[in-house]
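# What the coordinates show
Next come the chains, spelled out residue by residue.
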Amino acid sequence: MIKLISDDITTLKVDAIVNAANESLLGGGGVDGAIHRAAGPELLEECKKIGGCKTGNAVMTRGYNLPAKFVIHTVGPIWKGGGNNEHLFLASCYRRSLELAIANNINSIAFPAISCGAYGFPLDEAADTAMDTLQSFLDKNGKPAEVYVVCFDARVRAAFTQALQELD
Ligand code: AR6
């Protein structure tokens, strides 16, 4: 099941929320900043111990003061025009996050629109890649049971709604 919701990801009571982080894992703006503020300083401490994450990969921490038990930090690609494997890296972010989730018995997971803010990925293209990757993973693995994509504004909602409709 893939469901779109319009909400602040930091308020969701799911097993894991996904963070659109950067390779340092030391925090930043956008959804990353919001997650660190809501989780509290222990999140940064755990991230420092991990020591970074490559673009397209994902790592997991506890959720600390968040309602979510875990945070899966993934690093989306910076959009550079589309000729630098941006779509492959973006797909990898969704897939690696889901692999970590099922390896840790996570049944409910919420994604933000990875790379669609500061990293400048065109929304329609990001939405297509996100939805195709999520659906393929679910078709193959049959879990996690609940996958949410959080649409923080109307433009994101419109792009992801269209991409979801195109799946069937
Ligand atoms: N809940 C859900 N979605 C949100 C929230 C929130 N609280 N806040 C923002 N968004 P961005 P990126 C949406 O820029 O493009 C950071 O500085 C936002 O509207 O957060 O992957 C990192 O440290 C947009 O649709 O992530 C990196 O340096 C989406 O989340 C860099 O930005 C992603 O926007 C990563 O850039």
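Here, every reference points to the structure presented above.
Residues numbered from 1 in each chain as written. Predicted model: local features only at pLDDT ≥ 70, side-chain atom pairs only at ≥ 80, totals over all residues. Heavy atoms only, no water.

## Points about the packing of helix H3 (residues 86–103) against helix H4 (residues 123–141)
Where we set the bar: Between N-to-C directions, angles cover 0 to 180 degrees, with each direction set by a line fitted to C-alpha atoms, over the stretch in contact for helices. Working definition: helices are DSSP H or I runs of at least four residues, strands are E runs of at least two. Numbering for both runs from the N terminus. In a left-handed crossing the near helix is turned counterclockwise from the far helix by less than a right angle, and in a right-handed crossing that turn is clockwise. For this analysis, residues touch if any pair of their heavy atoms sits within 4.5 Å. Three classes are used: nonpolar for Ala, Val, Leu, Ile, Met, Phe, Trp, Tyr, Cys and Pro, charged for Asp, Glu, Lys and Arg, and polar for all others, with Gly counted as polar.
In contact at an axis separation of 9 Å, H3 and H4 are set at 35° when each is read in the N-to-C sense. Seen from above, H3 lies across H4 with right-handed handedness. Contacts from His87, Leu90, Ala91, Tyr94, Arg95, Leu98, Glu99 and Ile102 in H3 reach Glu125, Ala126, Thr129, Ala130, Thr133, Leu134, Phe137 and Asn141 in H4. Looking at the contact of H3 with H4, its residues break down into nine nonpolar, four polar and three charged.

## Considering a negative patch on the surface
Here is the rule: Nonpolar side chains (Val, Leu, Ile, Met, Phe, Trp, Tyr) within 5 Å and like charges within 9 Å form the patches, drawn only from residues with over 30% relative accessible area and no salt bridge. Note that accessible areas follow from Shrake-Rupley with a 1.4 Å probe, and for residues the cover is restricted to the protein chains shown. For this document, the term salt bridge refers to a Lys or Arg side-chain nitrogen within 4 Å of an Asp or Glu carboxyl oxygen. The charge count treats Lys and Arg as positive and Asp and Glu as negative. His and the chain ends do not count. In this description, the location of a charge corresponds to atom NZ of lysine, CZ of arginine, CG of aspartate or CD of glutamate.
Taken together, the side chains of Asp124, Glu125, Asp128, Asp132 and Glu166 present a region of like negative charge at the surface. Among the elements that line the negative patch, the one with the most residues is H4, at four residues. Looking at where Asp128 falls in the secondary structure, it is placed in helix H4.

## Let's talk about the nonpolar core
In summary, soluble globular proteins display a tendency toward joint burial of nonpolar side chains. For the record, the criterion: Definition used in this section: a nonpolar core is a set of buried Ala, Val, Leu, Ile, Met, Phe, Trp, Tyr and Cys residues joined via side-chain atoms within 4.5 Å. Between buried and exposed lies partly exposed: a residue is buried under 20% and exposed over 50% of the maximum accessible area for its type, with that area taken using a 1.4 Å probe on protein chains only.
Membership of the largest hydrophobic core comes to 34 residues, with the highest contact counts inside it found for Ile72, Tyr94, Ile109, Phe111, Met131, Leu134 and Phe160. Contributing elements (two or more residues each) for this core: strand S1 (2–5), strand S2 (16–21), H3, strand S5 (108–111), H4, strand S6 (146–150) and helix H5 (154–167). When residues of this core are assigned to their parent elements, the largest contribution, eight residues, is made by H4. Listed in part, the 20 residues of the second largest apolar core include Ile17, Ile35, Cys47 and Ala68.

## Some words on the packing of helix H1 (residues 30–39) against helix H2 (residues 41–50)
Across the interface, H1 lies against H2 with an axial gap of 6 Å and an inter-helix angle of 115°. Facing Ile35, His36 and Ala39 of H1, the residues of H2 in contact are Leu43, Leu44 and Cys47.

## Some points on the site of the ligand
Our working rule: For each residue, the test is whether any non-hydrogen atom lies within 4 Å of the molecule or strand; if one does, the residue is near. Polar contact criterion, stated in full: a pair of N or O atoms within 3.5 Å, where within protein one must be able to donate a hydrogen and the other to accept it, and residues adjacent in sequence count only if both atoms are side-chain atoms.
In the region of the ligand, 22 residues are neighbours, and Asn22, Gly29, Val31, Asp32 and Ala118 sit closest. Between Cys116 and the ligand, the recorded distance is 3.4 Å, taken from a backbone N or O atom to an oxygen atom. At the level of elements, S2 and H1 are the ones that each hand at least two residues to the shell around the ligand. Sorting elements by how many residues they give to the shell around the ligand places H1 first, with four residues.

## As for the pairing of S2
Heads up, the rule is: Only strands that DSSP links by at least two bridges are regarded as paired with each other.
Burial runs high along S2: five of the six residues are buried. When S2 meets strand S4 (residues 70–75), the two strands line up parallel, connected through six bridges. Note that in S4 the partner of Ala20 across the bridge is Thr74. In this sheet, S5 lies alongside S2 in parallel orientation, the contact comprising two bridges. Following the sheet pairing, Ala16 is matched in S5 by Ile109.

## Some remarks on the packing of aromatic side chains
The test is simple: Centres within 6.5 Å are what make two rings of Phe, Tyr or Trp a pair, Trp counting through its six-membered ring; a difference in plane orientation under 30 degrees is then read as stacked, over 60 as edge-to-face, and the rest as tilted.
Taken as a whole, this structure holds two aromatic pairs when the rule is applied. A centroid spacing of 5.0 Å and a plane angle of 35° characterise the contact between Tyr94 and Phe111, whose relative ring orientation is tilted. Highlighted residues: Tyr94 in helix H3 and Phe111 in strand S5, separated in sequence by 17 residues. Using a relative accessible area of 0% as the deciding quantity, one classes Phe111 as buried.

## Topic: the pairing of S4
The element S4 is extensively covered by neighbouring structure, given that five of its six residues are classed as buried. Strand direction decides the pairing type here: strand S3 (residues 58–62) and S4, joined by five bridges, are antiparallel. Note on S4: the bridge partner recorded for Met60 is Ile72.

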